[in-house]
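Structural features, examined
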Amino acid sequence: MNNTDKKQEILDAFNFRHATKEFDPTKKISDEDFQFILETGRLSPSSVGYEPWKFLVVENKDLKEKLKAVSWGAQGQIPTASHFVIILSRTDARYDSEYVLDLQKNVKEMPDDVLETLMPRYKDFQENDFHLFESKRALFDWASKQSYIALANMMTSAAQIGIDSCPIEGFNYDQVHEILKEEGLLEDGKFDISVMVAFGYRIHEPKRGKTRRSMDQVVQWV
């Protein structure tokens, strides 16, 4: 496939993707295809490589019912989606946290001398450049921004293999937080809810094609 064909294939996927409000409950995504979608989330980039996310694939029916009761934007998706995912973001993504130090040493296999050199830079970045230590919410919101990169990549990769999706922010944050806390899914406060996303196969075609503002409205060359 030449570059022109590849570019068109990617654009076709973007035009195919839409916020699917209701899925065909009789169609299930294969294990192979869903693992592919999750892998594109896992391989997504994040600021300073901290990977501050976790993907909860919700299969428990009782948990789904609890979530549906407090998620006004997922009324059609939760009962019909093949797979329903809650993306959690870390609350402890500080440069000097146990999580980050373990990530640097045991996942990235960063030598101690390199880590010692980078730590002041990461501290300055979080504390002074982005003011992330002003509140717990500031640090969490920064981590949540990273999770949206993974969210977008998963939806795009799904669209490229003909699978529909819908990102969902239509839920009561406090109530979802309490549900997940009671289920022991927030790991004693190390995580919190960022966003939801449903995957499956559309049961209805969109009523209209993709609408977006024009290129000159969204791009400025300076």
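Residues numbered from 1 in each chain as written. Predicted model: local features only at pLDDT ≥ 70, side-chain atom pairs only at ≥ 80, totals over all residues. Heavy atoms only, no water.

1. Overview of the overall build of the protein chain
Summing up its helical and strand segments, the protein chain has 9 helices and 4 strands in all. Seen along its three principal axes, the alpha-carbon backbone of the protein chain occupies a region of about 55 × 50 × 35 Å. When the 222 residues of the protein chain are sorted by exposure, 41% land in the buried category. Sequence separation of 24 or more characterises 80% of the internal contacts of the protein chain that already satisfy a separation of 6 or more. When the accessible surface of the protein chain is split by element, carbon and sulfur atoms take 51% of a total near 13,200 Å². Charged side chains in the protein chain number 29 positive and 37 negative. The centres of these two groups are separated by 6 Å. (Helix = DSSP H or I, 4+ residues; strand = E, 2+ residues; numbered from the N terminus. Buried < 20%, exposed > 50% of the residue type's maximum accessible area, 1.4 Å probe, protein only. Contact = heavy atoms within 4.5 Å. Areas by Shrake-Rupley, 256 points an atom, 1.4 Å probe, with all protein chains shown as cover. Lys, Arg positive; Asp, Glu negative; His and termini not counted. Charge placed at Lys NZ, Arg CZ, Asp CG, Glu CD.)

2. What to know about the domain arrangement of the protein chain
In terms of domain boundaries, the protein chain breaks down into domain 1 (20-92 + 137-205) and domain 2 (95-131). Of the residues lining the interface, 12 residues belong to domain 1; the matching set on domain 2 comes to 12 residues. A combined buried area of about 960 Å² lies between domain 1 and domain 2, and 57% of that area is made up of carbon and sulfur atoms. Together, Val48, Tyr50 and Asp92 form the three largest contributors to the area buried by domain 1 at its contact with domain 2, with a combined 52%. Along the contact surface separating domain 1 from domain 2 lie 1 salt bridge. Our enumeration of links across domain 1 and domain 2 arrives at 4 residue pairs in polar contact (both at pLDDT 80 or more). Broken down by element, the side of domain 1 that touches domain 2 gets its largest block of residues, 4 residues, from helix H7 (residues 136-160). (Domains from an automatic or database assignment. Buried area = accessible area lost by both parts, 1.4 Å probe. Salt bridge = Lys/Arg side-chain N within 4 Å of Asp/Glu carboxyl O. Polar contact = N/O pair within 3.5 Å; in protein donor to acceptor, adjacent residues only side chain to side chain.)

3. Side note on the nonpolar core
Leu67, Phe84, Ile86, Val176, Leu180 and Met196 are the most contacted members of the largest nonpolar core, which totals 23 residues. Of all elements in the fold, only strand E1 (53-58), helix H3 (61-69), strand E2 (83-90), strand E3 (164-168), helix H8 (173-182) and strand E4 (191-200) reach the threshold of two or more residues within this core. Residues contacting Phe84, with those up to four places away along its chain left out, are Leu56, Val57, Val58, Leu67, Ala74, Ile78, Ile168, Met196, Val197 and Ala198. Within the second largest apolar cluster, 17 residues are counted, among which are Ile29, Phe55, Ile87 and Ile163. (Core = buried A, V, L, I, M, F, W, Y, C linked by side-chain atoms within 4.5 Å.)

4. As for the packing of aromatic side chains
Under the definition given, this model contains 7 aromatic pairs. When the centroid spacing of 5.1 Å and the interplanar angle of 50 degrees are considered together, the rings of Phe125 and Phe130 count as tilted. Classification of Phe130 as partly exposed rests on a relative accessible area of 42%. When the ring centre of Tyr173 is taken as reference, the NZ or CZ atom of Arg137 above it lies at 5.6 Å. (Phe/Tyr/Trp six-rings, centres within 6.5 Å; stacked < 30°, edge-to-face > 60°. Lys NZ or Arg CZ within 6 Å of the ring centre and 35° of its normal.)

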